[in-house]
Amino acid sequence: MSRSTTIKLPALDLTAAAAATSPKLSSRSRPRSASIVKVEEIGDRTIEEVLDRSAYANINADWVNAKGAWLIHVVLISGGKIIIDTLPGMTQQISWTLVNLLYLALSYLMFHWVTGIPFEGGVHAGAYDDLTLWEQIDDGAQYTPAKKWLFTVPIVLFLASTHYTNYNPWLFAINLSALIFVLIPKLPQLHRTRVRFLPEDQSGMATPVTPSFPSSGTSTPAELAELTESRFR
């Protein structure tokens, strides 16, 4: 008794497979942003950037580990306090608050706002253009002695300003807000992270542009127009 060699295969449902693999058509060219705040991460995009950063010493960030670099913060704070105290009518509460706010503002501008290298940037082929000074210190390593010192100075200055302002609640709130605003960018979780307000791709679809169509006919020559007008006069 011979067996049949015909093999019956189950029917394939190509509709479900095509629906799963084919992209869904949407009337929007790109998805709408869900928030006005966008967080972007800046990292090593290529191996060439890593090689460019390690080719030469980064003078822009190496000065924080130089001799006397830590002491300069104490000198600047003390000098600023002496200068502000010489202003007429200045009280100790306002003086310590101004010293704290000025130091925090300058440190934020220097360490967390300005990016790139202000001098000899061509040596590194623009590898540091997207990084702040804080991200350049010690090649981005965390919990180094220099970063611990830069993290400690604002806290100590805040405690001193809080003590000499006699724990005034309004001045305490101002000093604490400024301290938090400066310490947050120093956290390892925010390393090479940017917070963008009102990103460019917030809109769901681009504004349509009215297409320009060519004119339906050619313009009438000036001589022909004059001839036509003279004939019908």
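Residues numbered from 1 in each chain as written. Predicted model: local features only at pLDDT ≥ 70, side-chain atom pairs only at ≥ 80, totals over all residues. Heavy atoms only, no water.

1. What to know about the packing of aromatic side chains
Alright, step 1. A complete count under the given rule lists four aromatic pairs for this structure.
Alright, step 2. Where W96 meets Y164, the ring centres are 4.8 Å apart and the plane angle is 5°; that geometry is what we call stacked. Of this pair, W96 sits in helix α5 (residues 92-113) while Y164 sits in helix α7 (residues 145-164); the two residues are 68 residues apart in sequence, bridging distant segments of the chain.
Alright, step 3. With a relative accessible area of 43%, Y164 lands in the partly exposed category.
Alright, step 4. Judged by centre distance (4.9 Å) and plane angle (40°), the rings of Y108 and F181 are tilted. Note that Y108 is positioned in helix α5 and F181 in helix α8 (residues 169-183), a separation of 73 residues in sequence. (Phe/Tyr/Trp six-rings, centres within 6.5 Å; stacked < 30°, edge-to-face > 60°. Helix = DSSP H or I, 4+ residues; strand = E, 2+ residues; numbered from the N terminus. Buried < 20%, exposed > 50% of the residue type's maximum accessible area, 1.4 Å probe, protein only.)

2. A short note on the UniProt feature "transmembrane region" (unreviewed entry) in the protein
Alright, step 1. With numbering aligned to this structure, UniProt lists the feature "transmembrane region" (unreviewed entry) at residues 96-114 and 167-184.
Alright, step 2. Within residues 96-114, the helical portion is 95% and the strand portion 0%, while the C-alpha atoms at the span's ends are 26 Å from each other. (UniProt positions renumbered as here; feature names shortened; annotations may be inferred.)

3. Quick word on the packing of α5 against α8
Alright, step 1. At a minimum axis distance of 10 Å, the contact between α5 and α8 shows a crossing angle of 15°. Here α5 lies roughly parallel to α8, going by the angle between them. For the crossing formed where α5 meets α8, the hand is left-handed. Contact residues: α5 offers Q93, T97, N100, L101, L104, S107, Y108 and H112, while α8 offers L171, I174, N175, A178, L179, F181 and V182.
Alright, step 2. Of the residues assigned to the contact of α5 with α8, the class counts are nine nonpolar, six polar and no charged. (Axes fitted to C-alpha atoms, helices over the stretch in contact; angles between N-to-C directions. Parallel < 35°, antiparallel > 145°, perpendicular 65-115°, else oblique. Left-handed = near helix turned anticlockwise from the far one by under 90°. Contact = heavy atoms within 4.5 Å. Nonpolar A, V, L, I, M, F, W, Y, C, P; charged D, E, K, R; others polar.)

4. Here we look at the pattern of salt bridges
Alright, step 1. Using the criterion set out here, one finds one salt bridge in the structure.
Alright, step 2. Notably, a salt bridge pairs D85 with K81, separated by 2.6 Å at the nearest N-O pair. Of this pair, D85 and K81 are both found in helix α4 (residues 71-85), four residues apart, which corresponds to roughly one turn of the helix.
Alright, step 3. Look at D85 and you get partly exposed, because its relative accessible area is 31%. (Salt bridge = Lys/Arg side-chain N within 4 Å of Asp/Glu carboxyl O.)

5. Remarks on α4
Alright, step 1. Compared with an ideal rise of 1.5 Å per residue, which puts 15 residues at 21 Å, α4 spans 21 Å between its outermost C-alpha atoms and is within 8% of the ideal.
Alright, step 2. Residues H73, I77, K81 and I84 constitute the buried set of α4. One side of α4 holds all its buried residues, which, seen down the axis, span an arc of 75°. For α4, the exposed residues set more than 90 degrees away from the buried face come down to L71, I82 and I83.
Alright, step 3. In this fold, the buried residues of α4 make contact with α5 and α7. (Expected span 1.5 Å × (residues − 1). Arc of directions from axis to C-beta.)

6. With respect to unusual backbone geometry
Alright, step 1. Of note, D138 is a non-glycine position whose phi angle comes to about 55°, a positive value.
Alright, step 2. Note on placement: D138 falls in the loop between α6 (133-136) and α7.
Alright, step 3. The class for D138 is partly exposed, based on a relative accessible area of 24%.
Alright, step 4. Phi at D139 is positive, roughly 55°, even though this residue is not glycine.
Alright, step 5. Position of D139 among the secondary structure elements: in the loop between α6 and α7.
Alright, step 6. Look at D139 and you get exposed, because its relative accessible area is 67%.

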